[in-house]
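# Structural description and commentary
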Amino acid sequence: MCYGYNQSLSSRSSLRRRSQDGEDDRVVEDLRDRLAETEARLRRARAREAELSRRLEQMKRFVSVMEIMETFLERRFQEQKDRIARLFSPVSTK
């Protein structure tokens, strides 16, 4: 009788172990899925960062070109103002 009782307990703990193993497998699979999703999000974030960095560099170049043009146009404007001022200034008599 004791032998049958022990065998019964052994069967139950074996079932529990298999049940826990199955639960562990599900937990591990869930963690793998979550890791894969996180890695996919990270890849998308890195791609987005690369795109934004590229666009930022383009914008910096654009601003640099605009600053060069602004300086050039300010200089030309001042030269034209000076030229017009000379044209309309009274002729000095010496």
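- The name given to the chain in an unreviewed UniProt entry is Protein SKIP34, with the source organism recorded as Cardamine amara subsp. amara.

### Some thoughts on the overall build of the chain
- A tally of regular secondary structure across the chain gives one helix and zero strands.
- The proportion of buried residues among the 94 residues of the chain is 1%.

### Considering the UniProt feature "coiled-coil region" (unreviewed entry) in the chain
- In the numbering used here, UniProt assigns the feature "coiled-coil region" (unreviewed entry) to residues 28-62.
- Helix makes up 100% of residues 28-62 and strand 0%, and the two end C-alpha atoms of the span are 50 Å apart.

### Thoughts on a negative patch on the surface
- The grouping of D21, D24, D25, E29, D33 and E37 at the surface amounts to a negative patch.
- If you trace the backbone, E37 turns up in helix 1 (residues 2-88).
- Overall, E37 belongs to the partly exposed group, its relative accessible area being 47%.

### Some details on the pattern of salt bridges
- Across all of its chains, the model carries four salt bridges by this definition.
- A salt bridge links R34 to D30; the shortest N-O distance between them is 3.8 Å. Here the residue R34 and the residue D30 both occupy positions in helix 1, the gap between them amounting to four residues, near one helical turn.
- The class for D30 is partly exposed, based on a relative accessible area of 39%.
- Its salt-bridge partner being R54, residue E51 comes within 2.6 Å of it at the nearest N-O pair.

### Digging into a nonpolar patch on the surface
- A contiguous nonpolar patch, built from F62, V63, V65, M66, M69, F72 and L73 and spanning about 640 Å² of accessible area, is present on the exposed surface.
- Secondary-structure assignment places F72 in helix 1.

### So, a positive patch on the surface
- A cluster of like positive charges, contributed by R75, R76, R83 and R86, occupies part of the molecular surface.
- With respect to the helices, strands and loops of the structure, R75 is situated in helix 1.

Cut-offs applied
Residues numbered from 1 in each chain as written. Predicted model: local features only at pLDDT ≥ 70, side-chain atom pairs only at ≥ 80, totals over all residues. Heavy atoms only, no water. Helix = DSSP H or I, 4+ residues; strand = E, 2+ residues; numbered from the N terminus. Buried < 20%, exposed > 50% of the residue type's maximum accessible area, 1.4 Å probe, protein only. UniProt positions renumbered as here; feature names shortened; annotations may be inferred. Patch = residues over 30% accessible without salt bridge, like charges linked within 9 Å, V, L, I, M, F, W, Y side chains within 5 Å. Areas by Shrake-Rupley, 256 points an atom, 1.4 Å probe, with all protein chains shown as cover. Salt bridge = Lys/Arg side-chain N within 4 Å of Asp/Glu carboxyl O. Lys, Arg positive; Asp, Glu negative; His and termini not counted. Charge placed at Lys NZ, Arg CZ, Asp CG, Glu CD.

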